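Residues per chain are reported as follows:
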Amino acid sequence: MTASETLFTRETIDAMRAAVRETVERTPVTDIHTHLYAPAFGKLLLWGVDELLTYHYLIAEVVRASRIDPARFYAKSKREQADFIWQTLFIERSPYSEACRGVLTVLDRLGLDVASRDLAAYRDYFARQSVEGYIDTVFERANLDSVVMTNDPFDDAERPVWETGGAVDKRFHAALRIDPVLNNWAGACARLKGWGYGVDETLSGTALAETRRFLADWLQRTRALYMAVSLPQDFVYPEDSARARLIAECIVPVAKEHNVPFAMMIGVKRAVNPALKLAGDGVARSDVGAVERLCARYPDAKFMVTMLAREDQHEVSVAARKFSNLFLFGCWWFLNVPSLIEEMIRMRFELLGTSVLPQHSDARVLDQVLYKWGHSRAIIARVLADKYADLLGTGWTLKQSEIDRDVAGLLGGNFWKYLSQA
Ligand code: HDL
Ligand code: ZN
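Keep in mind that this is a model prediction, so the values were computed, not measured. (Residues numbered from 1 in each chain as written. Chains lettered and ligands numbered in written order. Predicted model: local features only at pLDDT ≥ 70, side-chain atom pairs only at ≥ 80, totals over all residues. Heavy atoms only, no water.)

K.L.:
Where do I start with the coordination of the zinc ion (ligand 2) in this structure?
P.N.:
Ideal geometry at a metal centre: 109.5 degrees between donors when four sit tetrahedrally, and 90 or 180 degrees when six sit octahedrally. His33 (NE2), His35 (NE2) and Asp362 (OD) make up the full set of protein donors to the zinc ion (ligand 2), lying at 2.0 to 2.1 Å. Each donor residue of the zinc ion (ligand 2) lies on one chain, and together they are spaced H-x1-H-x326-D. In this pair, His33 is assigned in the loop between β2 (29-31) and α2 (49-53) and Asp362 in the loop between α16 (338-352) and α17 (368-392), connecting sequence segments 329 residues apart. The class of His33 is buried, set by a relative accessible area of 2%. (Donors = N, O, S within 2.8 Å, 3.2 Å for Na, K, Ca; no water. Helix = DSSP H or I, 4+ residues; strand = E, 2+ residues; numbered from the N terminus. Buried < 20%, exposed > 50% of the residue type's maximum accessible area, 1.4 Å probe, protein only.)

The structure is reproduced here in structure tokens:
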């Protein structure tokens, strides 16, 4: 029988498990939330072993392990920071935290000798790479079809690139990130005025129409697949605030007009330890009711949601059962560790079936997709095979072509299908 006609039954569960592993490995991924940048953005695209080692997750871990004063750590050069992290977390301690292990998975997937522990040799390898060639290598080895960037018009380093042509690499899609609009309207307002939009802090006069024009201009300029915001753990809706008015009268109408989802990433407790800078944010439980009320109030708008607190995952999965315009995605940030990825994917498969996107990488450094997807594919395959085994146990049968279909959806197809729906 050809592979597509293979039929799995309760008698061939081991063969099914092997087929699921193979299918998940060979199916290309659309990585729908990253902080990566197309080559046109130059140094904004981070890559290489020193960037891997100075990922803010590892900065938090090295400050904790060494108790170095964060200011003293940040005063070091990037290379000195990487040396300190390598020595503290990898040589003086076993690097089994997910962020440490991830660095080693990257080196291994690149064919480097991890057992050598030879940081100089790793640096030599990266010094010999060109960014264009290395992007090809990483996309190919991680089996990525494409990634979605996080594009911020308020970022002075990024905006000029869009104003002179933007990302011209089809592997890098855009997402329009609008945190300043919703989280710091006063600050955003001043910038928008400077760009010629007739807005004001009280949202009077032409402010709402002009904010809609700003959003439309940047959706067109970036060809963004969705609009996104990171919302704090105390986000509520509705409320008497600029944020609530902007969501209701600007974000939602523009999202509907352009048929793009509005992605809410909810649960950050900002700057719990400001001295850690980017590494200083924390997490707290949030109000899933705000998501439910938005989905109920705007049934013909499309929402994407990922929540940061483990404790919110069951409630938001149940909410997704109530609203077909609520698309759940990823195991975000502090959830992107094997034990919680497995717990969340199992819960989502059992509550939502195939209608989720189990993972995104959130990669800030290009090479990270090698480990973030390497680790997550293994978990997705294991959980999916378990669910299929439960199915086959009822006497159900499964064709290889159905496994292909399901896996293509879970690794990106479900996202593209959601985007295409009216
Ligand atoms: O807001 C976000 O998109 C978060 O992912 C933050 O960028 C965070 O700092 C991060 O990198 N998490 O993985
Ligand atoms: Zn992110």
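K.L.:
What is the right way to read the side chain of Asn151 from this model?
P.N.:
Tracing the backbone shows Asn151 in the loop between β3 (144-148) and α9 (159-163). Contact partners of Asn151, with chain neighbours within four places excluded, come to Tyr37, Glu158, Trp162, His173, Ala174, Ala175, Leu176 and Arg177. (Contact = heavy atoms within 4.5 Å.)

K.L.:
How should the pairing of strand β6 (residues 227-232) be read in this particular structure?
P.N.:
The side chains of a regular strand alternate, residue by residue, between the two faces of the sheet. For β6, the tally of buried residues reaches 6 of 6 residues, placing the bulk of the element in the interior. Burial along β6 is two-sided: the face carrying Met227, Val229 and Leu231 and the face carrying Ala228, Ser230 and Pro232 are both buried. Pairing of strand β5 (residues 176-177) with β6, which is carried by 2 bridges, proceeds in the parallel orientation. Residue pairing in the sheet places Arg177 in a bridge with Ala228 of β6. One ladder, built from 6 bridges, connects β6 with strand β7 (residues 262-269); its direction is parallel. Its bridge partner lying in β7, Leu231 is registered against Ile266. In the classification by handedness, the crossover that spans β6, the intervening helix α13 (residues 242-257) and the parallel β7 is right-handed. (Pairing = 2+ DSSP bridges. Right-handed = clockwise from strand over helix to strand, strands pointing away.)

K.L.:
Which parts of the structure should I look at to understand the pairing of β3?
P.N.:
Of all 5 residues in β3, 4 are buried; the element is thus mostly enclosed. Bridge analysis of β2 against β3 gives 3 bridges, and the strand direction is parallel. The partner of Val29 across the bridge, within β3, is Leu144. As paired elements, β3 and strand β4 (residues 172-173) share 2 bridges and run parallel to each other. In the strand pairing of β4, Val147 is matched with Phe172.

K.L.:
What should I look at first to understand the packing of aromatic side chains in this one?
P.N.:
Two aromatic rings, taken as a pair, are described by how far apart their centres are and by the angle between their planes. On inspection of all chains with the given rule, the structure shows 21 aromatic pairs. Through pairs of rings, three or more aromatic residues link up here, namely Trp47, Tyr125, Phe126 and Tyr134. Across from the ring centre of Tyr74, 4.5 Å away, lies the NZ or CZ of Lys277, which sits over that ring. Over the ring of Tyr418 we find Lys302, and its NZ or CZ is 5.6 Å from the ring centre. (Phe/Tyr/Trp six-rings, centres within 6.5 Å; stacked < 30°, edge-to-face > 60°. Lys NZ or Arg CZ within 6 Å of the ring centre and 35° of its normal.)

K.L.:
Sorry, what's going on with the site of ligand 1 here?
P.N.:
For ligand 1, the full set of nearby residues is His33, His35, Tyr55, His56, Tyr57, Arg177, Ser230, Met265, Trp332, Trp333, Asp362 and Arg364. One nitrogen or oxygen atom from the side chain of His33 is found 3.2 Å from an oxygen atom belonging to ligand 1. Between Arg177 and ligand 1, the recorded distance is 2.6 Å, taken from a side-chain N or O atom to an oxygen atom. Within the complex, the protein chains bury 96% of what would otherwise be the 330 Å² of accessible surface of ligand 1. Residues that form the shell around ligand 1 fall into these classes: 5 nonpolar, 4 polar and 3 charged. (Near = heavy atom within 4 Å. Polar contact = N/O pair within 3.5 Å; in protein donor to acceptor, adjacent residues only side chain to side chain. Areas by Shrake-Rupley, 256 points an atom, 1.4 Å probe, with all protein chains shown as cover. Nonpolar A, V, L, I, M, F, W, Y, C, P; charged D, E, K, R; others polar.)

K.L.:
I tried to follow the sheet that holds β3 on my own but got confused; where do I start?
P.N.:
Pairing between the strands of a sheet comes from backbone hydrogen bonds, and it takes one of two forms, parallel or antiparallel. The parallel open sheet is built from 3 strands, whose spatial order is β2-β3-β4. Edge positions in the sheet fall to β2 and β4, since each of these pairs with one other strand and no more. Running over the sheet, helix α8 (residues 131-142) touches β3 and β4 and is turned about 110° from β3. (Axes fitted to C-alpha atoms, helices over the stretch in contact; angles between N-to-C directions.)

Read these as spatial facts, not as claims about activity.
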